[in-house]
Amino acid sequence: MSLLEVKNLRTYFHTRAGTSRAVDDVSFSINKGEIVGVVGESGSGKSVTCHTMLGLLPSPPAKVEGGAVTFDNQNLLHLSPTILRAIRGKRISMIFQDPMSCLNPYLPILEQVVEPILIHENVSRKEAELRAIEMMTKVGIRDAETRAHSYPHQFSGGMRQRAMIAMALVTNPDLLLADEPTTALDVTVQARILQILRDLRDDLGIAVLFVTHDLGVVADIADRVVVMYRGKVVEQGSVLSIFENPSHPYVKGLLACRPTFETKYRTLPTVEDFLETEESPDGSVTLRERPDATTRLSEMESESSPRESKTDSLNPLLEVKDLRVHFTSGGGFLGKPRQTVKAVDGVDLSIPKGETLGLVGESGCGKTTLGRAILGLVHSCSGNVRYDGEILDASDMLSYRKRMQIIFQDPYASLNPRLTIEQALTEPLTVHHIGSESSERRDRVVSLLEEVGLSSAHLLRYPHEFSGGQRQRLCVARALAVEPEFIVCDECVSAMDVSVQAQVLNLLNELQESRNLTYLFISHDLSVVKFVSDRVAVMQAGRIVETNCAEELYQSPKEPYTQELLDAVPKADLEALRERQRSN
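Every chain's residues receive numbers from 1 upward, in the order its sequence appears when written. Since the coordinates come from a predicted model, pLDDT governs what is reported: local features require at least 70, and pairs of side-chain atoms require 80 or more to be given and counted, while whole-chain, interface and lining totals use all residues. Hydrogens and water molecules were not included; the side-chain quantities draw on all heavy atoms of the structure.

This next bit is on the overall build of the protein chain. Starting at the N terminus, helices and strands are each numbered in turn, a helix being any DSSP run of H or I of at least four residues and a strand any DSSP run of E of at least two. Along the protein chain, the regular secondary structure elements total 22 helices and 22 strands. Radius of gyration here is computed from C-alpha atoms only, and the compact-globule reference equals 2.2 Å multiplied by the residue count raised to the power 0.38. Relative to its length of 584 residues, the protein chain is compact, with a C-alpha radius of gyration of 24 Å against a globular reference of 25 Å. A principal-axis box enclosing the C-alpha atoms of the protein chain has dimensions of 70 × 70 × 55 Å. We call a residue buried when its accessible area falls under 20% of the maximum for its residue type, exposed when it is over 50%, and partly exposed in between, using a 1.4 Å probe and counting protein chains only. Buried positions account for 52% of the 584 residues belonging to the protein chain.

Right, let's talk about the sheet that holds strand E7 (residues 175-179) for a bit. At least two bridges found by DSSP between two strands are what make those strands a pair. Taking strand neighbours across the sheet as the criterion, the 6 strands line up as E6-E7-E8-E3-E9-E10 in an open arrangement whose pairing is mixed. The open sheet has two free edges, formed respectively by strand E6 (92-95) and strand E10 (232-238), since each of these has just one partner strand. Pairs of neighbouring strands in the sheet enclose a mean axial angle of 15°, with direction left out of account. With 4 bridges connecting them, E6 and E7 associate as parallel partners. Looking at the pairing, Ser 93 lines up with Leu 176 of E7. Note on method: axes are straight lines fitted to C-alpha atoms, helices fitted across the in-contact stretch only, with angles between N-to-C directions ranging 0 to 180 degrees.

Strand pairs in the sheet, formed through backbone hydrogen bonds, run parallel or antiparallel to each other. If you trace the 4 strands from one edge of the open sheet to the other, you get E2-E1-E4-E5, paired in antiparallel fashion. Across the chains shown, the open sheet's two edge strands, defined by having one partner strand only, are strand E2 (18-30) and strand E5 (74-75). Pairing analysis gives 2 bridges linking strand E4 (residues 62-71) to E5, with the strands arranged antiparallel. Bridge pairing in E5 places Phe 71 opposite Gln 74. Any pair of residues with heavy atoms lying within 4.5 Å of one another is described as a contacting pair. Taken strand by strand, helix H1 (residues 46-53) contacts strand E1 (4-15), E2 and E4, and its axis lies near 105° from that of E1.

The next subject is unusual backbone geometry. Excluding glycine, residues mostly have negative phi values, and the peptide bonds linking residues are mostly trans. Residue Pro 60 is reached from Ser 59 by a cis peptide bond, and omega for that bond is -5°. Relative to the elements of secondary structure, Pro 60 occurs in the loop between H1 and E4. Residue Pro 61 follows Pro 60 across a cis peptide bond; omega there is 10°. In this structure, Pro 61 sits in the loop between H1 and E4. Positive phi, normally seen in glycine, also occurs at Asn 516, with a value near 55°. Among the secondary structure elements, Asn 516 is positioned in the loop between helix H18 (498-515) and strand E20 (518-522). Classification of Asn 516 by relative accessible area gives partly exposed; the value is 36%. A positive phi angle is found at Ala 541, which is not glycine, with a value near 50°.

Packed helix pairs are characterised by how far apart their axes lie and by the angle those axes make with each other. Across the interface, helix H15 (residues 421-431) lies against helix H16 (residues 438-451) with an axial gap of 10 Å and an inter-helix angle of 115°. You can see that H15 and H16 cross each other, and the crossing is right-handed. Seen from H15, the contacting residues are Ile 421, Glu 422, Leu 425, Thr 426, Leu 429 and Thr 430; seen from H16, they are Arg 441, Arg 442, Arg 444, Val 445 and Leu 449. Of the residues that constitute the contact of H15 with H16, the class distribution is 5 nonpolar, 2 polar and 4 charged. Left-handed describes a crossing whose near helix is turned anticlockwise from the far helix by less than a right angle; the clockwise case is right-handed. The residue classification treats Ala, Val, Leu, Ile, Met, Phe, Trp, Tyr, Cys and Pro as nonpolar and Asp, Glu, Lys and Arg as charged. All others, Gly included, are polar.

By definition here, a salt bridge exists when the distance from a side-chain nitrogen of Lys or Arg to a carboxyl oxygen of Asp or Glu is within 4 Å. One pass over the full model with this rule turns up 22 salt bridges. Where Asp 174 meets Arg 91, a salt bridge forms, and the shortest distance between an N and an O atom there is 2.7 Å. Residue Asp 174 is located in the loop between helix H7 (157-169) and E7, and its partner Arg 91 is located in the loop between helix H2 (81-87) and E6; the two are separated by 83 residues in the primary sequence. We classify Arg 91 as partly exposed; its relative accessible area is 27%. Across the pair Glu 121 and Arg 131 runs a salt bridge whose closest N-O atoms are separated by 2.7 Å. A residue pair is termed long-range when its members are at least 10 positions apart, and Glu 121 in the loop between helix H4 (109-120) and helix H5 (125-138) and Arg 131 in helix H5 qualify at 10 residues. Residue Glu 121 is classed as buried on the basis of its relative accessible area of 19%. Beyond isolated ion pairs, a larger network of salt bridges with shared partners links Asp 322, Arg 324, Asp 345 and Arg 543.

Going residue by residue along strand E18 (residues 404-407), you find Met 404 and Ile 406 tucked away on one face and Gln 405 and Ile 407 tucked away on the opposite face as well. Both E18 and strand E19 (residues 486-490) contribute to a ladder of 4 bridges, which runs parallel. Looking at the pairing, Gln 405 lines up with Ile 487 of E19.

By the element assignment, Gln 470 lies in helix H17 (residues 468-480). Sequence-distant contacts of Gln 470, defined by excluding residues within four places in its chain, comprise Ser 42, Leu 454 and His 458.

Turning our attention to H5. By this rule, a helix spans an expected 1.5 Å times one less than how many residues it contains. With 14 residues, H5 extends 20 Å between its outermost C-alpha atoms, agreeing within 8% with the 20 Å of an ideal straight helix rising 1.5 Å per residue. Gly 140 occupies a position one or two residues after H5 and carries a positive phi of about 100°.

So, on to the packing of H4 against H5. Interaxial distance between H4 and H5 falls to 9 Å at its minimum, and their mutual angle equals 115°. Along this stretch, H4 crosses H5, giving a crossing that reads as right-handed. Contacts between H4 and H5 pair Ile 109, Leu 110, Glu 111, Val 113, Val 114, Ile 117 and Leu 118 from the former with Arg 125, Ala 128, Glu 129, Arg 131, Ala 132, Ile 133 and Met 136 from the latter. Taken together, the residues of the contact of H4 with H5 break down into 10 nonpolar, no polar and 4 charged.

Here His 248 is to be found in the loop between helix H10 (239-244) and helix H11 (249-256). Here a polar contact means two N or O atoms within 3.5 Å. Within protein one must be a hydrogen donor candidate and the other an acceptor candidate, and residues neighboring in sequence count only if both atoms are side-chain atoms. Separated by 3.0 Å, the side chain of His 248 and the backbone nitrogen of Tyr 250 make a polar contact. Ignoring sequence-local partners within four residues, the contact set of His 248 consists of Val 234, Glu 235, Leu 275 and Leu 287.

Right, let's talk about the state of the cysteines for a bit. Only a pair of cysteine sulfur atoms within 2.5 Å qualifies as a disulfide here. Applying the stated criterion across every chain, the model contains 0 disulfides. No disulfide involves Cys 381; its sulfur sits 17 Å from that of Cys 365, the nearest cysteine. Cys 381 sits in the partly exposed class, given a relative accessible area of 45%. Cysteine Cys 492 shares no disulfide, and the gap to the nearest cysteine sulfur, in Cys 489, comes to 4.2 Å.

Purely spatial values, then, with no claim about function.
Next up, the structure:
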C-alpha cells in the first residue's frame, strides 16, 4: 500500500487571459521509505502539484478540477481546513523553493524553526529550542547556537535554504515534499543534506518527493523518477532505466543538455534540438522526436573546440587589490562590537576584457559579498577596485552602473512585487536614457524577453505570477537591458532547470562573443562553472585559495579544499547508478 497516491490530478488556473492547465491528469505514487524525484522544466507543474496536495494554492484563480491525493487512506483534497492543518507541518512537511520569500523577515531564525514543534507537539519551549538548534547544526549551519538568533536577511542564500530545511525536518514527518531543496546550496552542504535525507529514509522510513531541476542530484538520491512536461507526466520509472534507456524525446533532451565535467560542447544541446511540439486549438500538445536529432547532436560535437585563452594580465578590465569587507555585530559592553565577520579578507584578482572568471566555494565563504563589493553595493573597509584603469570611487558609482551590472542570486527578492515585468525592465532604460520614446523602449523589452526564452505575453504579469526559473530569466534580461560591459552573475542559473539553463548559458556565451562581455560567474555548480569559465578561482573563508585555467584546475587541483569540492559533486554516470542499485 502506497503512503501517497496521486491519481488523475488536474489543477487549472482561470484568469482573464484564459485557462492554464498547470497540472493535467498527473498520476504517481510514493511508498513508505521511498525517494521519488520529480524533474521537468520551469513551469511544468512540479511545484503546483506539491502545493495542491497541501491546499496552499490561492483560489481563485487556482481550482482543483479533478483527481485524488490519497495520504494514509485519506483524500487530502476532501479534508476540512482544521484536519489538513494538523497534518501539514507535522506528518507532511514541505521545503519551499524560495527561502527569502518564505521566511518571516521580522522573526529570528530560531523562532521560525521552533514554531512547528510548539504547534504540533506538547513540549516545553526549552526542549523545542534544543531540538531546533540540533537540527540547524545537522543541516550545516555553523555555530548554530549563536546564528539562530540572526534574522533571515543576515543569512546568505544557501544559509537561508538550510534554515528552511531544518524547519521542515524538525518535526520528523512521514512525508517530505522537497521543492528544490538544494538549489541554493554549495556541493559540500548539498552532499550533507542528501545524506541527511537518506538517513531519515533509512532510520525512520520517511518518504520524500524530491522536486529538482538537477539530474545529477536525482541520480544520486532517487529510487524512482517522474518526468513532467507542460503539466503532464511524460515518463516515469526507476532512476537507472530513465538514465540508461530513456524512451521519451523530452527526457533524452534533458539528459543531453546537462553540463558535466566531461562535456566537450562549446554550445550546449537544448530540448528543442530533440523535440518538436504541436499545439492543438483545444490547448493540448503533441510531442514528437525531431527526425534530425542525432544528426544535429553529431554536428554540435564536431563543431566543439577548446575555449581560447583571453588572459591579458597586463591590461585587465577589472583588477581587485587586497579587498576586505568586514561585518561587525553590536551589543557588546558600552556598545563595543561583539564579533567581526571577515566576509572578504584580502582578495586579489584580475579579469581581462572578454574573459569569464568562475568563482566557486561553499555558501558563506564570501562569493556574493565579493561580487557586491566590486560593484560598490557593500562598503569595503580596505583595498581598491580598478575598472578599465580607473579606481572606483563609491561617491561616483552611478556613472559606472550602465557599464557594470549584476544578476542577483535571489530573483524574487530583487524584483519589485509592485511593478509589472514591462515596468521592471523599462526602468533601467529610462534611468540611463536609452530609447527616445516609450514605444521604442517597449520594443527593446520585448526583444530582451525573447532573448531569454520568454515572450510579450508576459509583459503585464507581476513577479509572483512566474515560476522560480522564469523569474531568474527576467533578472538576466534586466541586467542586459542597458548593454553593460561587465556583469557579475551571482548564481544566475541556479534556479533554472537544465533545459532553460542550457539556453541561458548558450545565450551568455553568444552575448560574450557578440558584445565582448566580461563575466564574474559566481556559482556552486562546478559543472556549470567548468563549462562557462576560462579561469576558475576557489574561495574559502573570505580568501582566494586557488586560481587556475578551468581545465587544469579540474584535472589537477593543488589545494585539498578544491579536491573536496570536486569530490562532493553528484555523479550521474551509469556505472555509479548500477552500483547503487546493487547495494540497495
